[in-house]
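Fold and geometry: a report
These are the residues of each chain, in order.
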Amino acid sequence: MDIERMLAELTLPEKAALVSGKNSWYTAAIDRLGIPALMMTDGPSGLRKQTADSGTTNINDSVQAITYPAAALSASSWNTNLMHQLGEHLGEEARAEQVSLLLGPGVNLKRSPLGGRNFEYLSEDPLVAGELGSAYVQGVQSKHVGVAVKHFAANNRENQRFTASSDMSQRTLRELYLRTFERIVKTAYPATIMTSYNKTNGTLNSQNRRLLRSILRDEWGFHGAVMSDWGAVANNVQALRAGLDLEMPGKGQASIDSIIRAVETGELDEGTLNKAVRHLLHIIDNWLPADKPGTYDHEAHHQFARKLADDGIVLLKNYHGELPLNPQQAGKVVVVGELADQPRYQGSGSSHVNPTHLTTPLTALQDSALEANYYPGYRLDQSETDDSLMEAALTAAKDADHVIIFAGYPENTESEGFDKTSLMLPENQSELIGRLSKINDHVTIVLQNGSAVEMPWIHSVDAVVETYLAGEAVGEATWDIITGVVNPSGHLAETFPRRLTDTPMAPTFGQDPNHEYYSEGVFMGYRYYDTHEMHVLFPFGHGLSYTTFEYTNMAVDENAHGATVRFDLTNTGDRAGQAVPQLYVANHASHVPMPTKELRAFTKVAVEPGETKAVTLKLNRRDLSWWCEGKSRWQADSGDYEIMIGDSSRDIRLQTKLTMDFKNSPAPVTMETYLSAIVWDPRLQGIFKDIVLAPEHANAANFLANTDDDGNLTLLQDQMFLNMPLRAVIALGGPADLITDFIAAANKH
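Residues numbered from 1 in each chain as written. Predicted model: local features only at pLDDT ≥ 70, side-chain atom pairs only at ≥ 80, totals over all residues. Heavy atoms only, no water.

Mapping Asn79 onto the fold places it in the loop between helix H3 (71-75) and helix H4 (80-96). Take Asn79: its relative accessible area is 10%, and that puts it in the buried class. Among the polar contacts made by the side chain of Asn79, one reaches the main-chain amide nitrogen of Leu82 at a distance of 3.1 Å. In this structure Asn79 touches Leu132, Asp311, Gln578 and Lys604, once residues within four positions along its chain are discounted. (Helix = DSSP H or I, 4+ residues; strand = E, 2+ residues; numbered from the N terminus. Buried < 20%, exposed > 50% of the residue type's maximum accessible area, 1.4 Å probe, protein only. Polar contact = N/O pair within 3.5 Å; in protein donor to acceptor, adjacent residues only side chain to side chain. Contact = heavy atoms within 4.5 Å.)

Glancing now at the side chain of Arg217. Turning to its location among the elements, Arg217 is positioned in helix H8 (residues 209-219). Looking at Arg217, the relative accessible area reads 12%, which means it is buried. At 2.8 Å, the side chain of Arg217 forms a polar contact with the backbone oxygen of Gly224. Every residue in contact with Arg217, bar those within four places of it in the chain, is listed here: Leu212, Phe222, His223, Gly224, Ala225, Val226, Asp245 and His279.

Attention now moves to helix H16 (residues 474-482). Most of H16 is tucked away, with nine of its nine residues classed as buried. Among the residues of H16, Val474, Gly475, Glu476, Ala477, Thr478, Trp479, Asp480, Ile481 and Ile482 are the ones counted as buried. Directly after H16, the chain includes Gly484, whose backbone phi takes a positive value near 85°.

What follows is about the packing of helix H5 (residues 126-141) against helix H7 (residues 179-188). Packed helix pairs are specified by the crossing angle of their axes together with the interaxial distance, meaning the distance between the axes. Two numbers describe how H5 lies on H7: the axes approach to 8 Å, and their chain directions differ by 35°. The interaxial crossing formed by H5 with H7 has right-handed handedness. On H7, the residues touching Pro126, Leu127, Ala129, Gly130, Glu131, Gly133, Ser134, Val137, Gln138 and Gln141 of H5 are Arg179, Thr180, Arg183, Ile184, Thr187 and Ala188. Residues of the contact of H5 with H7, tallied by class, amount to six nonpolar, seven polar and three charged. (Axes fitted to C-alpha atoms, helices over the stretch in contact; angles between N-to-C directions. Left-handed = near helix turned anticlockwise from the far one by under 90°. Nonpolar A, V, L, I, M, F, W, Y, C, P; charged D, E, K, R; others polar.)

Another aspect to go through is the sheet that holds strand S21 (residues 582-587). Picture the strands of a sheet paired through backbone hydrogen bonds; they go either parallel or antiparallel. With antiparallel pairing, the four strands of this open sheet are ordered in space as S22-S21-S27-S28. Each edge of the open sheet carries a strand with a single partner, namely strand S22 (598-602) and strand S28 (652-660). Taken pair by pair, the neighbouring strands of this sheet meet at an average axis angle of 25°, ignoring direction. Looking at chain direction, S21 and S22 are connected through four bridges and run antiparallel. The residue of S22 that forms the bridge with Leu583 is Ala601. (Pairing = 2+ DSSP bridges.)

We now examine the nonpolar core. If you look at the biggest cluster of nonpolar residues, it comprises 181 residues, and the most contacted ones within it are Phe152, Ile445 and Met455. Sort the elements by how many residues they give to this core and H5 lands first, with eight residues. With near-sequence residues (within four places) excluded, Ile445 lies in contact with Ile405, Ala407, Ile433, Trp457, Val461, Ala463, Val464 and Val465. In terms of nonpolar packing, the next biggest core, distinct from the first, is built from 26 residues, Val556, Leu569, Val615 and Tyr641 among them. (Core = buried A, V, L, I, M, F, W, Y, C linked by side-chain atoms within 4.5 Å.)

Turning to the packing of aromatic side chains, a few remarks are in order. Inspection of every chain in the model, using the stated rule, returns 15 aromatic pairs. Between Phe162 and Tyr197, the aromatic rings sit 4.0 Å apart at their centres with planes inclined by 40°, giving tilted as the arrangement. With Phe162 in the loop between strand S4 (146-152) and strand S5 (165-167) and Tyr197 in the loop between strand S6 (192-195) and strand S7 (199-200), this pair connects stretches of sequence that are 35 residues apart. Classification of Tyr197 as buried rests on a relative accessible area of 5%. A centroid spacing of 5.4 Å and a plane angle of 80° characterise the contact between Trp627 and Trp634, whose relative ring orientation is edge-to-face. Residue Trp627 shares its accessibility class with Trp634, and that shared class is buried. An aromatic cluster of at least three residues, connected via ring pairs, comprises Trp78, Tyr526, Phe540, Tyr584 and Phe602. Between the NZ or CZ atom of Arg111 and the centre of the ring of Tyr518, over which it lies, the distance is 3.9 Å. (Phe/Tyr/Trp six-rings, centres within 6.5 Å; stacked < 30°, edge-to-face > 60°. Lys NZ or Arg CZ within 6 Å of the ring centre and 35° of its normal.)

Moving on: the pattern of salt bridges. Counted by the stated rule, this structure contains 41 salt bridges. The partner of Glu476 in a salt bridge is Arg306, and the shortest N-O contact between them spans 3.9 Å. Residue Glu476 is located in helix H16, and its partner Arg306 is located in helix H12 (residues 298-312); the two are separated by 170 residues in the primary sequence. Given a relative accessible area of 24%, Arg306 falls into the partly exposed group. (Salt bridge = Lys/Arg side-chain N within 4 Å of Asp/Glu carboxyl O.)

We now examine the sheet that holds strand S17 (residues 515-517). Ordered by their spatial adjacency, four strands build an open sheet running S8-S7-S5-S17, and the pairing between neighbours is mixed. Each edge of the open sheet is held by one strand with a lone partner, namely strand S8 (203-204) and S17. Pairing between S7 and S8: two bridges, direction antiparallel. Along S8, the bridge assignment pairs Thr200 with Thr203.

Moving on to a negative patch on the surface. Where like charges cluster on the molecular surface, the negative patch consists of Glu384, Asp387, Glu427 and Glu431. Residue position: Asp387 is located in helix H14 (residues 387-397). Owing to a relative accessible area of 56%, Asp387 belongs among the exposed residues under this scheme. (Patch = residues over 30% accessible without salt bridge, like charges linked within 9 Å, V, L, I, M, F, W, Y side chains within 5 Å. Areas by Shrake-Rupley, 256 points an atom, 1.4 Å probe, with all protein chains shown as cover. Lys, Arg positive; Asp, Glu negative; His and termini not counted. Charge placed at Lys NZ, Arg CZ, Asp CG, Glu CD.)

Moving on to unusual backbone geometry. Here the residue pair Gly104 and Pro105 is connected by a cis peptide bond, since its omega of 5° sits within 30 degrees of zero. Here Pro105 is to be found in the loop between strand S3 (101-103) and H5. In this chain, Lys150 is followed by His151 through a cis amide linkage whose omega measures 0°. Following the sequence through the fold, His151 ends up in strand S4.

This part covers the pairing of strand S15 (residues 443-448). Within S15, six of the six residues are buried, which leaves it mostly tucked inside the rest of the structure. Judged by which residues are buried, S15 turns out to be covered on both faces: Val443, Ile445 and Leu447 on one side and Thr444, Val446 and Gln448 on the other are all buried. When strand S14 (residues 402-408) meets S15, the two strands line up parallel, connected through six bridges. For Phe406, the partnering residue across the bridge sits in S15 and is Val446. Following the chain from S14 across helix H15 (residues 427-439) to the adjacent parallel S15, one finds a crossover that is right-handed. Across four bridges, S15 lies against strand S16 (residues 463-466) in parallel orientation. Residue pairing for S16: Leu447 is matched across the bridge by Glu466. (Right-handed = clockwise from strand over helix to strand, strands pointing away.)

What follows is the structure in structure tokens.
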């Protein structure tokens, strides 16, 4: 397509139509110029392509598609290769369905475990979300299907999501909530970015010029199109002026008319409209759909869904090696819980998919080598205990060798559109676990949930298997892990707190309908718990294996821009497994509040029994930087850093000190500069002595300082004098003119 020629030939009404969605799933077509409509569909964990006669809100009326694990489980794989393959599979399916844009991935951070959409997001950490999200985007787009990375930005709660403002410092915004998007934009080049419903610091994101132009385009260099979430635009003219390119799903002729009127009255410059149209034309040209519907191997894609679930399921607890269960030696096994028969395998809302081939744990059990009897134990559609179901399960469990309880959140408590109010399982499930664990010493809990769970019963059970929402292969994958067909290698991409009240935002989350105050700042997730040395249920990065790993021989080589970290990883057990080495950095160089440690690199490594593999992870300057609000830039400070290799944020195996000299441009000297900074900086100390303490200024020298035997500046006053800015020295009678001359000379130098 000759974009500039096409743009010149478009009429004003046609331009207005292009930047306004035609309907729920299509952009407008301009037939006279041969500009086709593009179809888009929901799809973070499977295609939700709705049929032509279905309504936007009818989540069940969509084509059958492979239902992959929800992002919460996929992210627990910490496996960028598998995430790329997930993208490839989704891209192949979208291409077969003639879909041009896949609406995903969702990469917002899991700020609070109450977030109703946490199942659809990857992590509480921007590095994990950014690396896995980038791999996903690259995989999808390798199949000539574009993506819409969402939801930009700081969309971390569902209640009042259309109007609430996420209020935070610029440092918090940059270091956490924008960092994931920045990484994906700069490394994966997504076709589109989708704005979120909320405001950020008082400005609606679909009309936020600073986010959409200054940061996204001017600073990060984004060249794709920016679209709105469905119904997120309050004023389409203001949104266009701020940098939005496409309103979805559009308000029909009303959206077109408002744009035409704004251009004709001068409220909207046509050049601004042309920018949006140009972006849309490039998207249309780059992501044209397949000429005709295609096919793909449904069974092969189902098996990949199983593989992804196998790789992500997290073994949280395994007391005395309760798992795996050897089918030939397990004895009498009792399976309890209606979720074994009617599993939660996906989230609710726009990510809901009609599965091609759902295998429940109960049906998959029949195909496994494990023999077990099943008892519902509770009813999913109520929270009250059903005494008859409870007693039947208790009777069967009394003489069982192993009891496996399927538990989790019902679908109606966890969905897009609203936040949760509790982290507790329903009362009937909690009571069942409590009573069963009292009569049997070998209880395994299998969780089906979208986010963290409180576990007051944790010390009464032997094993806990976190399957999150495992997709249509939930049954096969669950028994793969329990029976040891697959060695678990998933690690939590979020912290499980002991109690909801332990979370930093517990007193304020969702309390104000108009504002969400991010008062915890950068101390979110493990950054908060680890810094405050709080006990948690399961730490960020935690995950057990049926084998063991040893980390040895750490070496760090620094360079002008960062460092290379090397170490050996040995499988010290008797079966093959995958480890997830995590590199954390503690910043001791910067004089601002810092978390105890922050994840800065990770990898996933397959190791055979007895095998040792050399692992290399790299740090760059940005990994050692923080956002300086005063300078509006990233700042890396010279000084000491601590490098840690761990199996989780709480399980550090290796650590060493790293000293960096970044040769930063010094901060400007002002009246707010403290005397201590002058004493400690040889350069400033020399200028201070030459100007303020020159021999001809004896009175100033006597008032302020003298020198020691080595000529170094020492204060005549006590330590309190060091903690005094230059303006205070003047206020106490110091030489104002000399101090002013010193400031000018120091900054000039």
